[in-house]
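Residue strings, one per chain:
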Amino acid sequence: MTTPTHATTCETCAVSSGSRLERLGVKLGQVDFVVALAGNPNTGKSTVFNALTGLRQHTGNWPGKTIARAEGGFSYNSKKFKLVDLPGTYSLLSATEDEEVARNFILFGRPDVTVVVVDATRLERNLNLALQVLQITDKAIVCVNLIDEARAHGVTVDGRGLSRDLGVPVVLAAARQGEGIEQLLREIDDMANGRSTCRPHRLPVDIPTVRESVDELVKCLAEAYPNMPHREWVALRLLEGDSRIVQAVASGEIGSLQQDHVATGTISACGN
Amino acid sequence: MTPKQIVERASELRWKLPQDYHDRWVESIYAESARIASRNVDQQGKTHRLAWERRLDWLLTNRWTGMPIMVLMLALVLWLTIEGANLPSGWLATILLDIGHPFLKQLADYAHLPWWLSGVLVDGLYLTMAWVISVMLPPMAIFFPLFTILEDFGYLPRVAFNLDHLFQRVGAHGKQALTMSMGWGCNAAGIVATRVIDSPRERLIAIITNNFALCNGRWPTQILLATVFLGALAPPALTGLVAASAVLGVALLGVFLTFFSSWMLSRTVLKGETSTFTLELPPFRPPNFLRTLYTSLVDRTLIVLWRAIVFAAPAGVVLWSLSNIQIGGISLAQWMISILDGPGWLIGLNGVILVAYIVAIPANEIVIPTILMLTVMTTGVTGIGEQGAGVMFTARGDSELAMLLQAGGWTTLTAICLMLFSLCHNPCSTTIYTIWKETKSLQWTLVSTFMPIGFGIVICGAVALVWRIVGG
């Protein structure tokens, strides 16, 4: 937005982040919250990452150069956040290594917030990933990036409507210009601290035979792991024979997913 | 129920899943996102750019027009490469072969090097390297940038899209279309590019079959033979057209063999499911010519050329030694030729060609010079290669070349079989080394090396048999 005249007033306003955001780069000590950043390739995910952490991360698009994940940090409202940049993927069906890395982190890494960056000019295509992320986490924010480019193309995105349909907060942003970053930070902060809740949109299983099988497995899972979240999704993955999920169920790892993640230090630091 | 029982129950229930369950699930996700997007996105006015892009996409990926456009594009790239490389290749040959070689020879004489040392270094090592550079550098410097421009423009993902269902049918990964087209530049580069394929099974298929993509080192062989032997059969006005179609035909046969061998592998030793992948058809972008030129020259051309030189240099030494080390008054090369003449005849070739293929394992580009040199030695034709035995040279003029080869017992059959054999034989040593580095498996390296030879022997043998029966 072009409101340069109010810049000075804004800086002193309580809503402003000017004083509250401290970019920590890779200097991370003990952190309070972990935020995962997911999104399709070429959606400006890295720009969002860089805007929040002050890092200059460059991600090459040369195929095969799998960047496992990059990490950086920032401090907001005197709370330290670790931001984990997941590899850009089109889906979480774990057909590729990248998708596997992203999905396993969201599921087993138990981030406090997962931010899904989507491209405003290609919303239809990008929402696939957002919907899939919403199947496996309750704490997600959708960041509709490149809103400036969309505007230039005559495209307007209804953030409120999208938020209602997806069941999670939606932030319209143009990360390159810094637009929307402030609101994104506030939403992350609120969600991490439990001040906001969301009811992510879940896809129904509408094939009768599958429905039966899923219901049966969900019942079994509920008995074995009374507090396990995303039972339906886990049941579906079990049915499809997803080896990582099968292993997690067999070992009991899946049962511990409902616990708030205790120490973020357990997530091994990798990337840069 | 214990966790183990749950897992077991799940695998029992898996049998009840409908066959197309996964596809339906993915479709339902897509339908839902389309629904949500259409509710919350408002497009004001028509954007001409989008309409234009949509029309182009329709044209390029259409069932009826997509394939012909692809073949036409390939033909155009080939034609530009062939035509464009001619002139600079000639210049480089003049500088490196006509001027550089005698100069170094004289230098060696001044330095009083023993004859064998100057032979190994100047006639063996230097000449081979000079040949590789003059034959390989110009086409690569044209082919790679053209390829990168198409890539930047966004055409390659559309090619992958067009070929995807074919690859899926033969049990291979759709991205193999990309690695195959990389292979047209250089098989070693194509094999490195298979890293984009995540499934190890499909990646192996892509690696093993990559050799059926004619590489840079083999295009010159194809073009030369097609012009000299096949083009000459047609009336003069059609010579170019016939030669170009013959080369295109061999290239397309390579594509067919890629599908065929992928199918064969995925039905036998590399059984498994075809994995799906999401391919984004990126917006068409005007390519940045200068940057494209720079990156494709530095990243691809020079690296590939350097590897070729490293492997070709020792081959020159071997070649020179084979022709000059004698056992019982006959050179080693001649021994090998007479041994291989019989098996060579069976597949429509001759001993000279087979020896050349053994010597030229390091780099495909030296096959033709090696054949010429060996032919001169065995036929005793003089006056073409002034430098004499053991020295690779370029034949001046196509008719002279045809005369020389016909004196060596060549027929149209030999040329056709050589073109086919050039498509189907072992990869060059650079590629073999790359395969080993990428797979870290001796077994698969050997399969990748010998499977194409098997194809070559069968195809050439069949062609020779039919030709001889029909032709009497």
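The shown structure was predicted, so the numbers you read here are calculated from the model rather than taken from an experiment. (Residues numbered from 1 in each chain as written. Chains lettered and ligands numbered in written order. Predicted model: local features only at pLDDT ≥ 70, side-chain atom pairs only at ≥ 80, totals over all residues. Heavy atoms only, no water.)

Caption draft 1: Molecular detail of the overall build of chain B. When helices and strands are tallied, chain B shows 19 helices and three strands. Of all 472 residues assigned to chain B, the portion counted as buried reaches 52%. (Helix = DSSP H or I, 4+ residues; strand = E, 2+ residues; numbered from the N terminus. Buried < 20%, exposed > 50% of the residue type's maximum accessible area, 1.4 Å probe, protein only.)

Caption draft 2: Fine view of the pattern of salt bridges. All names here are of chain A. The tally for this structure, following the rule as stated, stands at 22 salt bridges over all chains. One salt bridge connects aspartate 138 with arginine 202, and the closest N-O pair in it is separated by 2.9 Å. Of this pair, aspartate 138 sits in the loop between α4 (123-136) and β6 (140-145) while arginine 202 is found in the loop between α7 (181-192) and α8 (208-224), placing the two residues 64 residues apart along the sequence. By relative accessible area, arginine 202 is classed as partly exposed at 33%. Each of Glu100, Arg103, Arg237, Glu240 and Asp242 takes part in a single network of salt bridges with overlapping partners. (Salt bridge = Lys/Arg side-chain N within 4 Å of Asp/Glu carboxyl O.)

Caption draft 3: Structural context of the environment of aspartate 198 of chain B. Tracing the sequence through the fold places aspartate 198 of chain B in the loop between α8 (187-193) and α9 (200-209). Residues aspartate 198 of chain B and histidine 173 of chain B lie 25 residues apart in sequence; the distance between their C-alpha atoms is 9.3 Å.

Caption draft 4: View of the packing of aromatic side chains. Inspection of every chain in the model, using the stated rule, returns nine aromatic pairs over all chains. Here phenylalanine 33 of chain A and phenylalanine 81 of chain A contribute two aromatic rings whose centre-to-centre distance is 5.3 Å and whose plane-to-plane angle is 35°, an arrangement assigned as tilted. With a gap of 48 residues between them, phenylalanine 33 of chain A in strand β2 (residues 33-39) and phenylalanine 81 of chain A in strand β4 (residues 79-85) connect regions that are remote in the sequence. Given the relative accessible area of 10%, phenylalanine 33 of chain A is considered buried. An angle of 5° between the planes, with centres 5.1 Å apart, marks the rings of phenylalanine 74 of chain A and phenylalanine 81 of chain A as stacked. Judged by relative accessible area, which is 0%, phenylalanine 74 of chain A ranks as buried. Taken together, the ring pairs in this structure connect Phe212, Phe256, Phe260, Trp263 and Phe455 of chain B into an aromatic cluster. (Phe/Tyr/Trp six-rings, centres within 6.5 Å; stacked < 30°, edge-to-face > 60°.)

Caption draft 5: The arrangement of the nonpolar core in detail. By size, the foremost hydrophobic cluster in this structure holds 102 residues, and its most contacted members are Leu163, Trp184, Leu349, Ile371, Leu374, Trp410 and Leu418 of chain B. Of the residues forming this core, the biggest block, 11 residues, is contributed by helix α5 (residues 115-153) of chain B. Those residues in contact with tryptophan 410 of chain B, other than ones at most four positions away along the chain, are Leu225, Phe229, Asn350, Ile353, Ile371, Leu405 and Leu418 of chain B. Formed by 94 residues, the second largest nonpolar core is a distinct cluster that contains Phe49, Leu93, Leu134 and Val214 of chain A. (Core = buried A, V, L, I, M, F, W, Y, C linked by side-chain atoms within 4.5 Å. Contact = heavy atoms within 4.5 Å.)

Caption draft 6: Just the side chain of arginine 218 of chain B, in detail. Residue and element names in this part refer to chain B. Along the polypeptide, arginine 218 turns up in the loop between α9 and α10 (219-230). A distance of 2.8 Å separates a polar side-chain atom of arginine 218 from the backbone oxygen of asparagine 211. At 3.1 Å, the side chain of arginine 218 forms a polar contact with the backbone oxygen of alanine 213. Here arginine 218 is in contact with Asn187, Asn211, Ala213, Asn364, Ser422, Leu423 and His425, once residues within four sequence places are set aside. (Polar contact = N/O pair within 3.5 Å; in protein donor to acceptor, adjacent residues only side chain to side chain.)

Caption draft 7: Seen up close, the environment of isoleucine 325 of chain B. Residue and element names in this part refer to chain B. Here isoleucine 325 is to be found in the loop between α12 (289-324) and β2 (326-327). Using a relative accessible area of 43% as the deciding quantity, one classes isoleucine 325 as partly exposed. In contact with isoleucine 325, not counting residues within four places along its chain, are Ile330, Ser331 and Leu332.

Caption draft 8: Broad picture of the packing of helix α7 (residues 176-185) of chain B against helix α11 (residues 239-267) of chain B. Residue and element names in this part refer to chain B. α11 packs onto α7 with a crossing angle of 135° between their chain directions and a minimal axis gap of 12 Å. Judged on the interaxial angle alone, α11 and α7 are oblique. In the packing of α7 onto α11, the handedness of the crossing is right-handed. Across the interface between the two elements, Gln176, Met180 and Trp184 from α7 touch Val255, Thr258 and Ser262 from α11. Residue classes in the contact of α7 with α11 are distributed as three nonpolar, three polar and no charged. (Axes fitted to C-alpha atoms, helices over the stretch in contact; angles between N-to-C directions. Parallel < 35°, antiparallel > 145°, perpendicular 65-115°, else oblique. Left-handed = near helix turned anticlockwise from the far one by under 90°. Nonpolar A, V, L, I, M, F, W, Y, C, P; charged D, E, K, R; others polar.)

Caption draft 9: Geometry of helix α2 (residues 21-40) of chain B. In this model, α2 of chain B (20 residues) spans 29 Å end to end at C-alpha, consistent with the 28 Å of a helix rising 1.5 Å per residue. Where α2 of chain B is concerned, the buried positions are Tyr21, Trp25, Ile29, Glu32, Ser33, Ile36, Ala37 and Asn40 of chain B. Each buried residue of α2 of chain B lies within a common arc of 155° when the element is viewed along its axis, so the set occupies one face. The exposed set on the far side of α2 of chain B, more than 90 degrees from its buried face, consists of Glu27 and Ser38 of chain B. Elements in contact with the buried residues of α2 of chain B: α4, β7 (155-157), α6 (159-166), α8 and α9 (231-240) of chain A together with β1 (41-43) of chain B. (Expected span 1.5 Å × (residues − 1). Arc of directions from axis to C-beta.)

Caption draft 10: Structural context of the pairing of β2 of chain A. Residue and element names in this part refer to chain A. Burial runs high along β2: seven of the seven residues are buried. Neither face of β2 is open: one carries Phe33, Val35, Leu37 and Gly39, the other Val34, Ala36 and Ala38, and all of them are buried. Both β2 and β4 contribute to a ladder of five bridges, which runs parallel. By the bridge assignment, valine 35 is partnered in β4 with leucine 83. Relative to strand β5 (residues 113-119), β2 runs parallel, the two being bridged by five bridges. Among the inter-strand pairings, glycine 39 is bridged to a residue of β5, identified as valine 117. (Pairing = 2+ DSSP bridges.)

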